Amino acid sequence: MNLQKWLAEMQALCKPDRIYICDGSDEEYHRIAEEMVKCGALIALNPTLRPRSYLARSNPEDVARTEKDTFICSQQQEDAGPTNNWEEPGLMLQRLKKLFDGCMRGRTMYVVPYCMGPLTSPFSYFAVQLTDSPYAVLNMRWMTRMGSEVLALLKDHSFSPGVHSVGVPLSPGEKDSSWPCNPQNRLIVHFPEERSVWSFGSGYGGNALLGKKCLALRIASVIARDEGWFAEHMLITGITSPEGKKHYIAAAFPSACGKTNFAMLAPTLPGWKVECVGDDIAWMHWGADGRLWAINPEAGFFGVAPGTSERTNPNMLRALASDALFTNVALTPDGDVWWEGIGTPPPQGLISWLGVPWQPGTPAAHPNSRFTVSLKRSPICDPAAESPTGVPISAILFGGRRAHVVPLVTEAHSWRQGVLMGAMLSSERTAAAEGLVGEIRRDPFAMLPFCGYNMGDYFAHWLRMGQGEKKLPRIYSVNWFRKNSEGQFLWPGFGDNIRVIKWIFERLEGRGESMESSAGCLPKDLDLSGLQGIDLKALLSVDQKAWEHEVEEMKRYAERFKDRFPQELQSELSL
Ligand code: SAT
Ligand code: MN
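Read on for a plain summary of the structure. Just so you know, these numbers come straight off a predicted model, no measurement behind them. Per chain, the residues get numbers from 1 upward, laid out in the order the sequence is written. Both sets of labels track the order of writing: A upward for chains, 1 upward for ligands. Totals for whole chains, interfaces and linings use every residue, but because this is a predicted model, local features are given only for residues with pLDDT of at least 70 and side-chain atom pairs only at 80 or more, for both listing and counting. Side-chain numbers here rest on the full set of heavy atoms in the structure, without hydrogens or water.

### Examining the layout of surface pockets
- Two kinds of site are reported from a 1 Å grid over the protein atoms alone, namely cavities, where a 1.4 Å probe fits but cannot get out, and pockets, open sets with protein on both sides within 12 Å along at least five of seven lines, and residues are called lining when an atom falls within 4 Å of a point. Grid points are joined across faces, edges and corners, and a volume is the space filled by probe spheres set on the points. Taken as a whole, the largest pocket spans an internal volume of roughly 830 Å³.
- Together, 49 residues line the largest pocket, and Ala256, Cys257, Gly258, Val304 and Arg401 are the ones closest to its centre.
- Counting from the N terminus, the helices are the DSSP runs of H or I reaching at least four residues and the strands are the DSSP runs of E reaching at least two. Those elements giving two or more residues to the lining of the largest pocket turn out to be helix H7 (205-208), helix H8 (211-227), helix H9 (259-263), strand E17 (300-304) and strand E21 (370-374).
- With four residues, H9 is the single largest residue contributor to the lining of the largest pocket.
- Here the lining of the largest pocket is built from residues that sort into 21 nonpolar, 17 polar and eleven charged.
- Residues lining the lining of the largest pocket come from more than one domain, with at least three contributed by each of domain 1 (3-59 + 69-228) and domain 2 (231-300 + 383-574). Side-chain classes follow a simple rule in which Ala, Val, Leu, Ile, Met, Phe, Trp, Tyr, Cys and Pro form the nonpolar group, Asp, Glu, Lys and Arg form the charged group, and the remainder, Gly included, forms the polar group. Domain start and end points were adopted from an automatic or database domain assignment.

Here it is, written out as structure tokens:
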């Protein structure tokens, strides 16, 4: 793809009033932010309390990723598989061209050259996002490496083209709304063979920051399939034991299941240290040493605000102390931010995410309200976070939000059983995507909304990747969210999850006693020192009947993939 030619084509199609090429500087960031403040699209927070930070309020109809509007337009429908929306690429392109025709009238088209991964990493991927949303530009500044340096490097690299519009052209003199969007015509379309993305009508999160779910997961998963690596919805974190032994762990959890808190865990056991590489996406390649090496393609956090507190994620609170961008949280009368679960009572005169005085009993911050902040601001950023070769992964965790059935932790006996654990991942719905919160949905590898090809082929890819001379990471299933019959959580979670990691460390070192169960290997014991009233038996119990039901559910689910569901997993299910 030729950049100049594509730019000219997109300019002719979208018909913006102006084109602006982003340089990625601090000066640019604040200039764009201040322009938005002037026209009421952004609120500058109190510079004494929260320096260089802003608050955006979205349109209430544009508050989360919308999976029903998300399409994978591969040439063949079977290549998109039963879990993705699909339309014939030619027809979809026609539809898109109609929508994009003149969609940026009265607006600026920002050209955002960006790189997913460290600039010098052989595993990184270059891209360009065209967008008429200055809010998307600000987010891309923290979430990716973007600007002049990338533009210069683009001469020697192929890139993924992405075009994004909020879908609200302005006529001359027309006043813009503070969050323009076009929910009736929302479409987030991926052409995996072309590595291209077209996104229309939404300014929120994964719909609008094309580097994140669109490129680094949906498009990258297809590239990874073709080239023999992994693009996964996983955090990466480095953990050092009191003895000074360090292991890196990658972990997949569905959106809004505590990935960010886990990636930045503050251990409650003395002597343990956690350093964060990434909280959402891992690109993993096999090294010459046979180990799996991971980079975080992103450069920042786009995390769920509610529930982030001194108790759940003190390191994130430090990171958010300045240079942060907030979306849909509440505003305090002194110009700072507030959300449910921040750990302080709501102040008098609080303004809700809707921009009106907050009424007790209603959400002050939207449940999917977010913060955007550079990874560099994290006080526990791993020293190897920028390493072009990445970090070696010793263990992979799959976790969901399950009140019942799934034990606190189990270890897979084999790569194959581990792949089945990933494939069987299920979770109660959260507010990160539209849908009924609380309902259990199967979310294989936490990739259901993010796998850019047939999920059956994706399972086969995982199995294939485990073959040959490799030092395979061990695989675990975890569930921090189990409840007792009174509906109370059995496990404190957060910093106490280090106790589960401690057992995993012991297993990796060839120690750590275990017992067999149909769900996998369970710990015989956990270090519960300093904790009271933990019902470890309940946390680790496997109800045979309930587990069999779980397996039956999975078998039924597997039928959707027909002959694309790998035979090996079928037989693993029947064991
Ligand atoms: O896709 S988003 O980036 O909006 C958030 C998520 O679902 O993890
Ligand atoms: Mn995510």
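### Quick look at the packing of aromatic side chains
- Pairing of aromatic rings covers Phe, Tyr and Trp, the last counted by its six-membered ring, and requires centre-to-centre distances within 6.5 Å; plane angles under 30 degrees mean stacked, over 60 mean edge-to-face, and any other angle means tilted. Tallied over the entire structure, the rule returns 32 aromatic pairs.
- Note on Trp6 and Phe159: the rings are 5.8 Å apart at their centroids and 55° apart in plane angle, and the pair reads as tilted. With a gap of 153 residues between them, Trp6 in helix H1 (residues 3-14) and Phe159 in strand E8 (residues 159-165) connect regions that are remote in the sequence.
- For each residue, the accessible area found with a 1.4 Å probe, counting protein chains only, is set against the maximum for its type, and the residue is called buried under 20%, exposed over 50%, and partly exposed in between. Residue Trp6 is classed as buried on the basis of its relative accessible area, which comes to 5%.

### Notes on the coordination of the manganese ion (ligand 2)
- Each metal site is built from N, O and S donor atoms within 2.8 Å (3.2 Å for Na, K and Ca), and since water is not included, such sites may look incomplete. Listed as protein donors to the manganese ion (ligand 2) are Lys213 (NZ), His233 (NE2) and Asp280 (OD); their distances from the metal cover 2.0 to 2.2 Å.
- In primary sequence terms, the donor set of the manganese ion (ligand 2) follows K-x19-H-x46-D. In this pair, His233 sits in the loop between strand E11 (230-232) and strand E12 (234-240) while Asp280 sits in the loop between strand E14 (273-278) and strand E15 (282-286), placing the two residues 47 residues apart along the sequence.

### Quick look at empty space enclosed by the protein
- Scanning all chains against the criterion turns up three cavities of 30 Å³ or more.
- Roughly 130 Å³ of volume is contained in the largest cavity.
- Every residue lining the largest cavity is counted, 15 residues in all, and those nearest its centre are Pro254, Ser255, Thr430, Arg441 and Asp443.
- Of the residues belonging to the lining of the largest cavity, the class tally is six nonpolar, four polar and five charged.

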